[in-house]
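# Residue-level structure breakdown
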Amino acid sequence: MKPRICRRRGPRNQCWLRFCITAVCCAAVISNMTAVEGQSTGSSSNNATVVVNIGVILDLNRTDFVGQVGLSCVEMAVSEFYDSHPDYTTRLAIATRDSQRDVVLAAASALDLIKNVQVQAILGPETSMQANFLIPLGEKAQVPIISFSASSPTLASIRSPYFFRATQKDSTQVNAIAAIVKAFGWRQAVPVYIDNAFGQGIVPSLVDSLDAVDARVPYRSAISPSATDDQIGQELYKLMTMQTRVFVVHVSPHLAARLFAKAKEVGMMSAGYVWIVTDGITDFLSSVDPSVLKSMQGVLGVKPHVPQTKEVIDFRARWKRKFRQDHPEILLDADLNSYGLWAYDATVALAMAVENDSSSTDLESIGVSSNGPNLARELSRTSFAGLSGDFAMEEDGELRASAYEVVNVNGNGARVVGFWTRGEGLARAKLGTVIWPGDPGAVPRGFEIPTSGKKLRIGVPVKSGFSEFVSVTTDLETNKTSVIGYSIDIFEAVVQALPYALPFEYVPYAKPNGESAGTYDDLVYQVFLGNFECMIADTTVIANRSNYVDFTLPYTESGVSMLVPVKPNGSKNAWSFLKPLTWDLWVTTFLFFLFIGFVVWALEHRISKDFRGPPSHQVGTSLWFSFSTMVFAHRENVVSNLARTVVIIWCLVVLIITQSYTASFTSLLTVQRLQPTVADMNELLRKGDFVGYQDVSFVFGLLKRLGFRDDRLVPYKNSEHCNSLFNQGKIVAAFDEVPYIKLFLAKHCSKYMMTDPTYKADGFGFVFPKGSPLVADISRAILNVTEGDKMTKIEEAWFGKKDRCPESTTSTVSSGGQLGLNSFWSLFMIAGVAAVSALCIFTVQFVYEYRKLMSPQVDDDSQSKPSFWGRLLNLLKTFDNKDLECHTFRGDRVGDQNEVRLASLNVMSPSMYSVHTEFPVDSTQTLSPSMGSSSELHDNTIAQEVAIISIDLHPDSDGEGLVATANDEITRH
């Protein structure tokens with residue numbers, strides 16, 4: 001009867017009942033051995049100390065080193081503990097049972113100890129399979145089970161409050177193993193484990209830990225505990241045919257010795273192989289036969305770190321002497337391992353817990369201990385500094401995790417090359433020099449292409465369009481398949497750049513009749529399933545595919561763009577000269593011309609002759625001056641420094657605008673301009689137009705996500721088919737990846753154009769299974785190829801030279817190509833600020849100079865104060881007058897005030913002319929004949945006391961000039 005089969009076939013309660021019946025039958029066989037022990041249980045009640053029976057269940061045959069070492073440490077712990085604590089009132093009495101590596105016998109021993117010996121706790125069992133059945137027994141009888149060697153993580157799922165694991169569970173050491181894999185950059189590892197509860201329990205945790213460091217587990221090698229050497233050899237030969245060369249071994253020490261001896265025999269302990277063993281093996285390396293160590297040279301391993309304190313060194317010496325005395329038949333040089341230290345600490349913890357809870361024991365007939373809950377509670381609280389380190393139980397009954405040592409088998413033993421801790425992990429720099437199998441100095445890559453194995457199976461798609469990338473043809477006569485194309489040449493160049501040989505073969509992804517077997521996504525999924533080891537094609541790297549496979553670095557750019565026909569933009573017409581500038585720039589420039597003209601007039605009106613005269617003349621001059629700056633033809637004299645500053649800045653603005661206009665207008669008239677027939681994708685969606693896409697491409701799903709209806713999507717197989725759909729008017733636009741569109745444009749010059757990418761993609765890459773170690777090497781080789789001349793030669797061979805079709809690169813013009821205000825607003829801002837600032841400065845200076853005109857003084861004539869508007873009108877009249885203080889009028893000031901200028905007259909006959917003029921009374925002036933005819937000259941610029949003189953003009957005696965005779969009448973005003 002096999003308990004494991006019973007657990008799988010029936011409910012747990014029925015299985016448990018059947019198992020108990022079997023165990024009771026076995027217990028009856030050994031009940032006679034326990035009669036004496038059972039009768040002596042209560043014999044100590046009259047003594048000063050209380051004897052508490054404790055059971056020990058271990059495998060005690062000669063070949064099991066764990067059981068022998070564990071029992072000796074338990075006995076030494078009981079003896080030494082009470083020697084150092086003679087005042088304790090409790091004493092542990094050890095009742096030992098040999099489980100003989102049998103699960104049922106171990107369970108029967110537990111039933112016997114609980115019922116007949118009435119033990120309060122059980123130390124053991126040794127294996128996880130035995131513990132898996134003893135834990136329910138202990139929970140039913142409320143007897144704590146304390147194991148110092150059962151390390152399977154699956155035991156934690158039972159969640160019994162009466163099970164305590166005084167050893168490190170295997171799920172703790174897998175993190176240290178994963179750290180080693182990560183430190184050396186290995187991308188794959190194969191677990192090699194014994195096919196029982198001990199071996200199977202570590203696999204899920206190991207796979208999760210390797211996955212966390214981006215390492216893949218492509219295969220799991222399970223070896224039966226009863227496997228022969230031939231069966232082990234067959235499994236090793238299977239591993240040799242795989243690429244992975246990193247193996248994590250988790251088997252029993254006895255099976256490990258046979259495994260590595262066979263591995264050395266078949267050549268798997270040579271250069272390039274990596275072997276990592278768990279603590280179930282490394283803990284016994286000091287006690288194995290030298291021939292085993294010879295076959296394990298270069299092996300890495302992990303084991304719990306035990307501080308080498310003085311107490312540990314002294315105990316190791318005492319234990320070795322006692323063990324040799326008790327077991328003289330063992331010829332090997334036995335050495336203490338971690339399991340022995342844990343057995344010692346577990347016994348001490350149990351003795352301390354019993355002492356802290358020394359209540360009486362009451363066992364019922366069915367073997368239920370009323371003292372079990374108290375003892376279990378005390379065990380969970382017990383903590384002390386033990387031989388193995390700090391001993392303390394977590395809430396789930398697990399021993400607190402410790403650090404791990406990384407050891408390397410070299411010579412006659414193992415030496416420590418590094419440490420791993422839960423908090424800091426494993427630092428690569430802290431690892432010492434590692435001796436590897438076969439080649440001590442070179443770190444293995446972690447994978448090899450097996451020369452004796454099959455070639456790398458590469459899947460290639462069968463497609464009818466865009467064969468420049470991948471083309472599969474079959475010779476009907478020879479039935480030989482030929483695979484060529486741009487992607488194929490790139491891959492073969494990459495393989496040649498690898499530092500090692502990579503044998504491969506192309507396998508078309510086709511049906512028996514030669515047709516395509518599916519889309520690119522289907523072929524990618526076949527790589528994920530393991531039907532292909534690689535996919536070489538024009539495969540776009542997208543997020544959805546990367547969930548199933550790994551991509552190399554892209555070897556070309558990609559992305560999805562829109563392909564549309566083009567048409568002339570009709571820019572060459574009578575109004576083409578307006579197109580270089582946008583309307584807002586035209587209007588802004590015109591308004592600034594007016595504004596600059598006004599500012600210059602305001603600054604120059606009082607001091608410059610060019611900006612004076614009748615109002616119409618002044619307006620015309622200001623506009624002429626402003627707009628003439630556009631061609632720099634202004635001739636008016638600018639006197640004011642403020643006006644000069646404004647004009648200089650404005651001329652700079654005009655220069656930049658005119659030069660930009662000239663360049664844009666020249667390009668508009670001379671360069672061929674095309675514009676798309678469709679502005680953007682939104683226009684297609686709004687109108688519901690038909691659009692094309694390449695068949696068997698992921699673009700179909702992308703267009704559906706963008707909002708296109710299925711009935712509006714038209715597939716095409718190749719570039720000729722796409723061109724035909726455009727010519728027939730069946731589609732108005734097409735969406736495809738950038739490399740395909742560029743290839744299409746190279747064949748159809750000047751008829752189509754490509755818009756900006758609608759969807760970004762990483763490019764074309766090669767596909768490998770998740771975690772493939774080839775990805776890193778292939779990616780590095782891709783960089784070497786793409787950065788060299790070979791890439792250019794391959795592109796020219798398949799796509800031709802880039803300049804063979806220049807029409808396909810014609811530029812386009814849209815409204816965004818015009819010169820707009822947004823390109824020049826800073827210039828207008830600078831010119832505007834300068835003009836406004838100059839105008840403000842002038843206004844402040846003028847108002848300050850004539851501030852008396854704005855003061856409310858009494859008028860002499862009306863004897864009343866003028867109104868504000870009247871004062872403002874006087875100020876404006878003053879502004880309209882000349883500024884005689886300016887240097888431009890200083891030469892004319894005398895003539896204006898004291899000299900009467902007369903216009904020359906063409907005197908035909910003597911006559912008398914009368915001139916009426918005004919000049920200061922304190923001035924005398926000679927009148928010249930050049931003064932005008934009989935007219936009245938009046939200057940209103942000077943408000944002062946003047947004399948009005950009547951002057952008679954008559955010819956002189958010679959008749960060549962005029963003689964002025966002044967009257968005596970003087971009028972003061």
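Here, the structure is the one placed above.
First things first, this report covers the structure right here in the doc. These numbers were taken from a predicted model, which means no experiment stands behind them.

Within the structure shown, the criterion is met by five cavities of 30 Å³ or more. As a volume, the largest cavity reaches approximately 80 Å³. Every residue lining the largest cavity is listed: Lys 463, Tyr 520, Asp 538, Thr 540, Arg 545, Gln 694, Asp 695, Val 696, Ser 697, Phe 698, Glu 737 and Tyr 740. For the lining of the largest cavity, the residue count by class is four nonpolar, three polar and five charged. Quantified by volume, the second largest cavity comes out at close to 50 Å³. As for the second largest cavity, its lining consists of Phe 466, Leu 563, Tyr 716, Ser 719, Cys 722, Ala 734, Asp 736, Tyr 740, Ile 741 and Phe 744. Counting only elements with at least two residues in the lining of the second largest cavity, the list comes to helix H25 (719-727), strand S25 (733-737) and helix H26 (738-747). Counting residues per element, the lining of the second largest cavity draws most heavily on H26, which supplies three residues.

Glancing now at a nonpolar patch on the surface. A surface patch of nonpolar side chains, amounting to about 520 Å² of accessible area, comprises Val 587, Phe 590, Leu 591, Leu 594, Val 619 and Leu 623. Mapped onto the nonpolar patch, the elements with two or more residues apiece are helix H20 (583-604) and helix H21 (615-628). When residues of the nonpolar patch are assigned to their parent elements, the largest contribution, four residues, is made by H20. With respect to the element layout, Leu 591 can be found in helix H20.

Time to look at the nonpolar core. Phe 315, Trp 319 and Leu 350 are the most contacted members of the largest nonpolar core, which totals 51 residues. Within the residue set of this core, elements represented by two or more residues are strand S1 (50-58), helix H4 (65-84), strand S3 (121-123), helix H14 (310-326), helix H15 (338-356) and helix H16 (372-381). Examining the composition of this core, we find that 12 residues originate from one element, H15, more than from any other. Those residues within four positions of Phe 315 in sequence are excluded, and the remaining contacts are Cys 73, Met 76, Glu 80, Leu 336, Leu 341, Tyr 344 and Leu 387. One finds Val 460, Phe 469, Tyr 716 and Ile 778 within the second-largest nonpolar core, a separate group that totals 47 residues.

Turning our attention to the pairing of strand S15 (residues 456-461). In summary, the side chains of a regular strand alternate between the two faces of the sheet. Here S15 lies mainly inside the structure; five of its six residues are buried. Pairing of S15 with strand S18 (residues 504-509), which is carried by six bridges, proceeds in the parallel orientation. Considered in S18, the bridge of Ile 458 is made with Tyr 506. The pairing of S15 with strand S19 (residues 534-540) spans two bridges and is classified as parallel. When the sheet's bridge partners are listed, Ile 458 is paired in S19 with Cys 534.

For the rest of this paragraph, the subject is the sheet that holds strand S20 (residues 549-551). Sheet architecture is open: five strands sit in the order S18-S15-S19-S27-S20, paired in mixed fashion. Either end of the sheet is taken by a strand with one partner, and the two such strands are S18 and S20. Neighbour to neighbour, the strand axes of the sheet diverge by 35° on average, direction disregarded. With three bridges joining them, S20 and strand S27 (residues 764-769) adopt antiparallel strand pairing. The residue bridging Asp 550 from the neighbouring strand is Phe 768, located in S27. With respect to the sheet, helix H17 (residues 486-496) is in contact with S15, S18, S19 and S27, its orientation differing from that of S18 by roughly 160°. Where helix H27 (residues 774-786) meets the sheet, its contacts fall on S15, S20 and S27, and the angle it forms with S27 comes to roughly 160°.

What follows is about the pattern of salt bridges. Taken as a whole and assessed by the stated rule, the structure comprises 25 salt bridges. Among the ionic pairs, Arg 318 bridges to Glu 80, the shortest N-O distance being 3.0 Å. Placement of the pair is Arg 318 in helix H14 and Glu 80 in helix H4, with a sequence separation of 238 residues. One salt bridge connects Arg 165 with Glu 398, and the closest N-O pair in it is separated by 2.7 Å. Of this pair, Arg 165 sits in strand S5 (residues 163-165) while Glu 398 sits in the loop between strand S12 (389-392) and strand S13 (404-410); the two residues are 233 residues apart in sequence, bridging distant segments of the chain. Three or more residues are tied together by salt bridges with common partners; here these are Arg 187, Asp 214, Asp 550 and Lys 770.

What counts and what doesn't
- Residues numbered from 1 in each chain as written.
- Predicted model: local features only at pLDDT ≥ 70, side-chain atom pairs only at ≥ 80, totals over all residues.
- Heavy atoms only, no water.
- 1 Å grid on protein atoms, 1.4 Å probe; cavity = no way out; pocket = protein on both sides within 12 Å on 5 of 7 lines; lining within 4 Å.
- Points joined across faces, edges and corners; volume = space filled by probe spheres on them.
- Nonpolar A, V, L, I, M, F, W, Y, C, P; charged D, E, K, R; others polar.
- Helix = DSSP H or I, 4+ residues; strand = E, 2+ residues; numbered from the N terminus.
- Patch = residues over 30% accessible without salt bridge, like charges linked within 9 Å, V, L, I, M, F, W, Y side chains within 5 Å.
- Areas by Shrake-Rupley, 256 points an atom, 1.4 Å probe, with all protein chains shown as cover.
- Salt bridge = Lys/Arg side-chain N within 4 Å of Asp/Glu carboxyl O.
- Core = buried A, V, L, I, M, F, W, Y, C linked by side-chain atoms within 4.5 Å.
- Buried < 20%, exposed > 50% of the residue type's maximum accessible area, 1.4 Å probe, protein only.
- Contact = heavy atoms within 4.5 Å.
- Pairing = 2+ DSSP bridges.
- Axes fitted to C-alpha atoms, helices over the stretch in contact; angles between N-to-C directions.

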